Amino acid sequence: MTVPATPLSEPQPGFEPARALRLARETLEIESAALLGLRGRVGESFAQAVQAMLTVRGRVVVMGMGKSGHVGRKIAATLASTGTAAMFVHPAEASHGDLGMIKPVDLVLAISNGGESDEITAILPVLKRLGVPLIAMTGKAGSTLARHADIVLDSGVEKEACPLNLAPTASTTAQLALGDALAVALLDARGFRPEDFARSHPGGALGRKLLTHLTDVMRSGEAVPAVLPDASFTQLMREMSRKGLGASAIVDEGGRVLGIFTDGDLRRLIEKGADLREVKAREVMHPNPRTIPVEALAAEAAAMMEQYRITSVLVVDRDGVLVGAVNSNDLMRAKVI
């Protein structure tokens, strides 16, 4: 038997909207205060941690249990996407074989608010024998984890946002923010650029904009509409219709671009009542049109179209010879725009 859903508007037993709003605001206030307190404690140890991560020959191995483990996965992912080779290893799985993933050339960032997580403390002696540098992110400076660490990052908070002061809330927010701070400092020290970020995110919008070259999306060879200056208007129209670009280049015998004729030009000529039966391509073309180098990114072609309010761009080599063409539809299909 299907139990009917409770209407969203029906009051739930024990639920007080005003109390929920108050707790929400208190949570945000507590976590904001935790981050401000953390800001005041970032000091020499933070700089030492950044230096250690910069110079490590292997990877930064992030560890954490429970909620700290979830935060650790995010920190490892952020580091990896911003130029620092990193991975997450589950401490419990490390005791059952995954410790083999960690090499002496690596560095371990262990996260534990209390610093006494059994799964982490159990593998500390092994890490020491391997000679792996250990950075501890913990809220307890006197904990087992902190005592074994080479560098200690203080992520302590005055209290959790949980009304019972039990569930990791403010403490995990502090860990996450401190991890972001490490990633930002590292990417700055590495001179990390948008192009580097794009290489780690080829499937995203930034990746498409920074990694897609004109040669990946442009029309080339026989697909590029082009006629000689003495071509008749009929030949020009046939070339435009056959190639479907919405424009045609006018080139000399060597293939160098002399001009362009577009659908918009045709519409304006018709509106003026021009007699097009005997005209040549050279008489109706726009001379010296906008062109773009073949080495350019597709995003540069998109920017040119937007700046000059045009829908097609001719692609040329260093000698001005026509090698391709691209229009806004081509860029849209490639998801560049």
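You'll find the structure just up there.
As a starting point, this report considers the structure included with it. It should be emphasised that the depicted structure is a prediction, and the values quoted were computed from it without experimental measurement. (Residues numbered from 1 in each chain as written. Predicted model: local features only at pLDDT ≥ 70, side-chain atom pairs only at ≥ 80, totals over all residues. Heavy atoms only, no water.)

1. Thoughts on the sheet that holds strand β7 (residues 247–251)
One key point about sheets: their strands pair by backbone hydrogen bonds, in either a parallel or an antiparallel sense.
(1) Moving on: One open sheet accounts for four strands, arranged β6-β7-β8-β9; its pairing is mixed. Only two strands of the sheet have a single partner each, and these edge strands are β6 (226–227) and β9 (286–287).
(2) Moving on: Relative to strand β8 (residues 257–262), β7 runs antiparallel, the two sharing five bridges. Counted as the bridge partner of A247 is T262 from β8.
(3) Moving on: Relative to β8, helix α12 (residues 233–243) is tilted by about 75°, and along the sheet it contacts β6, β7 and β8. (Pairing = 2+ DSSP bridges. Helix = DSSP H or I, 4+ residues; strand = E, 2+ residues; numbered from the N terminus. Contact = heavy atoms within 4.5 Å. Axes fitted to C-alpha atoms, helices over the stretch in contact; angles between N-to-C directions.)

2. A short note on the packing of helix α3 (residues 66–81) against helix α8 (residues 170–189)
(1) Moving on: Close contact between α3 and α8 brings their axes to 10 Å; oriented N to C, the two are set at 15°. Our classification of the angle between α3 and α8 gives roughly parallel. Considering the relative orientation of α3 and α8, their crossing is right-handed. Touching K67, S68, V71, K74, I75, T78 and L79 of α3 are T172, Q175, L176, G179, D180, A183 and L186, all from α8.
(2) Moving on: In the contact of α3 with α8, the residues fall into six nonpolar, five polar and three charged. (Parallel < 35°, antiparallel > 145°, perpendicular 65-115°, else oblique. Left-handed = near helix turned anticlockwise from the far one by under 90°. Nonpolar A, V, L, I, M, F, W, Y, C, P; charged D, E, K, R; others polar.)

3. Some remarks on the pairing of strand β12 (residues 322–327)
(1) Moving on: Among the six residues that make up β12, five are buried, leaving the element largely enclosed by the rest of the structure.
(2) Moving on: Where strand β11 (residues 312–316) and β12 come together, five bridges link them in antiparallel fashion. Residue V316 lies in a different strand from β12, and its bridge partner there is L322.
(3) Moving on: Hairpin connection, β11 to β12: the antiparallel pair is bridged by five residues, and G320 has positive phi, about 80°. (Buried < 20%, exposed > 50% of the residue type's maximum accessible area, 1.4 Å probe, protein only.)

4. What about helix α2 (residues 44–55)?
(1) Moving on: Its 12 residues place the ends of α2 17 Å apart at the C-alpha level, agreeing with the 16 Å of an ideal helix rising 1.5 Å per residue.
(2) Moving on: By the burial criterion, the buried members of α2 are F46, A49, V50, A52 and M53. End-on, the buried residues of α2 take up no more than an arc of 160°, which puts them together on one face.
(3) Moving on: Where α2 is buried, its residues meet β1 (60–64), β3 (107–111), β4 (134–138), β5 (151–154) and α8. (Expected span 1.5 Å × (residues − 1). Arc of directions from axis to C-beta.)

5. With respect to the pattern of salt bridges
(1) Moving on: Within the structure shown, the criterion is met by 13 salt bridges.
(2) Moving on: A salt bridge links E26 to R22; the nearest nitrogen and oxygen atoms lie 2.9 Å apart. Placement of the pair is E26 and R22 together in helix α1 (residues 17–41), with a separation of four residues, close to one helical turn.
(3) Moving on: A salt bridge links K74 to D180; the shortest N-O distance between them is 2.7 Å. Here K74 is found in helix α3, whereas its partner D180 is found in helix α8, with 106 residues between them in sequence.
(4) Moving on: Among the residues examined, K74 registers a relative accessible area of 35% and is labelled partly exposed. (Salt bridge = Lys/Arg side-chain N within 4 Å of Asp/Glu carboxyl O.)

6. A few points about α12
(1) Moving on: Among the residues of α12, F233, L236, M237, E239, M240 and K243 are the ones counted as buried. Down the axis of α12, the smallest arc covering the buried residues is 160°, so these residues share one side. Exposed residues lying more than 90 degrees from the buried face of α12 are R238, S241 and R242.
(2) Moving on: The secondary structure elements touched by the buried residues of α12 are β6, β7, β8, α13 (263–272) and α14 (281–284).
(3) Moving on: Directly beyond the C-terminal end of α12, a positive phi value near 65° is found at G244.

7. Things to note about the sheet that holds β4
(1) Moving on: Taken together, five strands build an open sheet; the order of strands is β2-β1-β3-β4-β5 and the sheet is parallel. Single-partner strands in this sheet number two, and they are β2 (86–88) and β5. Adjacent strand axes in the sheet meet at a mean angle of 20° when their direction is disregarded.
(2) Moving on: Relative to β4, β3 runs parallel, the two being bridged by four bridges. Residue V108 lies in a different strand from β4, and its bridge partner there is L134.
(3) Moving on: Each of β1, β3, β4 and β5 touches α2; the most contacted strand, β5, lies at about 125° to it.

8. Section: the packing of α1 against α8
(1) Moving on: Here α1 crosses α8 at 45°, and the two axes come no closer than 9 Å. As far as their axial angle goes, α8 and α1 are oblique. The chirality of how α1 crosses α8 is right-handed. For the pair formed by α1 and α8, the contact residues are I30, E31, A34, L35 and L38 on the first element and A170, T173, A174, A177 and L178 on the second.
(2) Moving on: Grouping the constituent residues of the contact of α1 with α8 by class yields eight nonpolar, one polar and one charged.

9. Some thoughts on the packing of aromatic side chains
(1) Moving on: Overall, the coordinates contain one aromatic pair when judged by the stated rule.
(2) Moving on: Arranged with centres 5.8 Å apart and planes meeting at 80°, the rings of F233 and F261 form a pair that is edge-to-face. Separated by 28 residues along the polypeptide, F233 in helix α12 and F261 in strand β8 bring together distant segments of the chain.
(3) Moving on: Positioned above the aromatic ring of Y308, the side-chain terminus of R290 is 3.6 Å from the ring centre. (Phe/Tyr/Trp six-rings, centres within 6.5 Å; stacked < 30°, edge-to-face > 60°. Lys NZ or Arg CZ within 6 Å of the ring centre and 35° of its normal.)

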